[in-house]
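Architecture at a glance
Take a look at the letters that make up each chain.
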Amino acid sequence: MSDHPWLDARFSEIRPKAIAALTRYFRDLDLAEEVFSQACIRAMKSWPDKGLPDDPLAWLLAVGRNAGRDILRKQKNADNYQQEISSSLHIENQEQTDQGETIDQDELRDDILRLLFVCAHPKLTLQDQSALALRIVIGLSVEEIARAFLIKPKTMEQRITRAKRTIGQADIPFEAPDIVQRGERLKTVSLMVYLLFNEGWSASSSELQIKISLCEEAIYLTRLLLNLFPAQTELMGLLALFLFQHARHKARIGKQGELIVLDEQDRSLWSQTLISEARILLDKALRHHTPGSFQIQAAIAAVHSTATSSKETDWAEIERLYAILYHYEPTPVVRLNHAVSHAKVHGPKAGIEMLEPLADELADYRWYHSVLGAFLMDTGQYVKAMKAYQNALELGPTEPEKQVLLTKIAQCNDKL
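Note that the structure is a prediction, hence the values are computed from the model and not measured.

**What to know about helix 6 (residues 126-138)**
Helical geometry: 3.6 residues make up each α-helical turn, so side chains three or four residues apart lie on a common side. Taking 1.5 Å per residue as the helical rise, helix 6 with its 13 residues ought to reach 18 Å, and the 17 Å between its terminal C-alpha atoms agrees with that figure. Of all the 13 residues making up helix 6, ten are buried; the element is thus mostly covered by neighbouring parts of the structure. Every buried residue of helix 6 is listed here: D128, Q129, S130, A131, L132, A133, L134, I136, V137 and I138.

Structural data, given as structure tokens:
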């Protein structure tokens, strides 16, 4: 992390497009990552004093390409390698800086989609596919990914290394697969786009709570996928889910950057245009009677979007939908969300009872401790609530989440 949080945020926004473009250029995942890191280091030395270039992405791509060429020359195989990729990509003369080139945004988004399909190659296990996408495309640290998968960082590092080695040894082409292969990998790629949106909506660890550009990229990529597979009801559900969520982003962060929880949001700030589009998509998907996880999650988001206030939210319907979702996704995280709606209907004590079996599995999941803290606070168990909130603080929350947790701890302390 740099001394300038705004730089880290900008690098995070740019990373998916940059890594995808550099991977297409060099046909090497490790090299693409390395040269992007070098370009970011150069930017940290240059941009704070000289200001942002007109096109930060083009600047980073130019520096990254030049850095990669230097690495390849030192490996004494640059000439053959450069000749190979030049013939297929019509790359400009090596002596040009590239920094003044025009970036085709549609081509870059195609690069991201192409890289996601590469990460979804069937030679990799489902866990390795998702972990690789989180590391390569989204740029999460090994520790952040390990927390998301509820495993140890060392195990996750081995998993990512193994996935990269598999792709390298299998000589997997960095190209979009044919229509049959795309269909076979669609479920995995959809999950990867879902993870991309989630990282934008609730960052793993950052000064920022929401990374708008990641959310928008995920929405755009889902539209591309839906154009390729217009009859896929789960893609309709996925896009509807994103739009329901994204409709609330202006109400989710306050003027001072503070996190505003759903119950306290100004609903007049929600985008009715996005909500209307999401409803149309969800209705279309549900008419096919082929339910799936994304459609159910979108249905949950739809219930929230129709409530004019927190008090009028149909929590019984949300609890019912979470019970159905658990049938499709029997994971502890789904169970955690189910517990929240269960507590809204049956009270916080019922919520605590539902969380008890999840304690070991979600010990390293900060939202588990935040939810537990809220239930304990609502039942007057302030000392235990403070401990739960403190546990959440120690698991790398974003800066806005940290402020919320500190406020909750102070409120508990005032009650003692």
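**A few points about the side chain of S293**
Structurally, the position occupied by S293 is in helix 14 (residues 293-306). When near neighbours in sequence (up to four residues on either side) are disregarded, S293 contacts E234, L325 and E329.

**Things to note about the packing of aromatic side chains**
If you walk through the whole model with that rule in mind, you get seven aromatic pairs. Consider the rings of F197 and F242, whose centres lie 4.3 Å apart with planes at 10°: the pair is stacked. Within this pair, whereas F197 is found in helix 9 (residues 179-201), its partner F242 is found in helix 11 (residues 233-246), the two being separated by 45 residues in sequence. For the pair shown, F197 and F242 are each scored as buried.

**Considering the packing of helix 9 against helix 11**
Between helix 9 and helix 11, whose axes approach to 11 Å, the crossing angle comes to 5°. One finds that helix 9 runs roughly parallel with respect to helix 11. On helix 11, the residues that touch L186, S190, V193, Y194, F197 and W201 of helix 9 are L235, L238, L241, F242, Q245 and H246. Along the lines of polarity and charge, the residues of the contact of helix 9 with helix 11 split into nine nonpolar, three polar and no charged.

**As for the packing of helix 10 (residues 212-228) against helix 11**
Packing of helix 10 against helix 11 leaves a shortest axis separation of 10 Å and a crossing angle of 155°. Between helix 10 and helix 11, the crossing angle belongs to the class labelled roughly antiparallel. As for how helix 10 packs across helix 11, the hand of that crossing is left-handed. Residue-level inspection shows I212, C215, E216, A218, I219, T222, R223, L225 and L226 of helix 10 in contact with helix 11, the latter providing L235, M236, L238, L239, F242, L243 and H246. Counted by class, the contact of helix 10 with helix 11 contains twelve nonpolar, two polar and two charged residues.

**Regarding empty space enclosed by the protein**
Scanning all chains against the criterion turns up one cavity of 30 Å³ or more. Volume-wise, the largest cavity comes out at about 50 Å³. Secondary structure elements with two or more residues in the lining of the largest cavity: helix 1 (5-26) and helix 5 (105-119). For the lining of the largest cavity, the element with the most residues is helix 5, which contributes four residues.

**Observations concerning the environment of H249**
Within the secondary structure, H249 is located in helix 12 (residues 249-252). For the pair H249 and W270, spaced 21 residues apart in the sequence, the C-alpha separation amounts to 7.5 Å. If sequence neighbours within four positions are ignored, H249 has contacts with W201, I210 and I212. At 2.8 Å, the side chain of H249 forms a polar contact with the backbone oxygen of H246.

**Notes on the confidence of the model for the chain**
With 88% of its residues at a pLDDT of at least 70, the chain reaches an overall mean of 86. Below pLDDT 50 for its whole length, residues 86-100 participates in 28 contacts with residues either more than four positions away or in separate chains.

**A short note on the nonpolar core**
Core analysis: the largest hydrophobic core is formed by 105 residues, its most contacted members being L60, L116 and L132. Among the elements that make up this core, the one with the highest residue count is helix 1 (ten residues). Residues in contact with L132, not counting those within four places in the same chain, are L29, C119, L124, V137, I160, A163, K164 and I167. Grouped together as the second largest cluster of nonpolar side chains are 23 residues, L358, Y368, M377 and I409 included.

Conventions adopted
- Residues numbered from 1 in each chain as written.
- Predicted model: local features only at pLDDT ≥ 70, side-chain atom pairs only at ≥ 80, totals over all residues.
- Heavy atoms only, no water.
- Helix = DSSP H or I, 4+ residues; strand = E, 2+ residues; numbered from the N terminus.
- Expected span 1.5 Å × (residues − 1).
- Buried < 20%, exposed > 50% of the residue type's maximum accessible area, 1.4 Å probe, protein only.
- Contact = heavy atoms within 4.5 Å.
- Phe/Tyr/Trp six-rings, centres within 6.5 Å; stacked < 30°, edge-to-face > 60°.
- Axes fitted to C-alpha atoms, helices over the stretch in contact; angles between N-to-C directions.
- Parallel < 35°, antiparallel > 145°, perpendicular 65-115°, else oblique.
- Nonpolar A, V, L, I, M, F, W, Y, C, P; charged D, E, K, R; others polar.
- Left-handed = near helix turned anticlockwise from the far one by under 90°.
- 1 Å grid on protein atoms, 1.4 Å probe; cavity = no way out; pocket = protein on both sides within 12 Å on 5 of 7 lines; lining within 4 Å.
- Points joined across faces, edges and corners; volume = space filled by probe spheres on them.
- Polar contact = N/O pair within 3.5 Å; in protein donor to acceptor, adjacent residues only side chain to side chain.
- pLDDT = per-residue confidence, 0-100.
- Core = buried A, V, L, I, M, F, W, Y, C linked by side-chain atoms within 4.5 Å.

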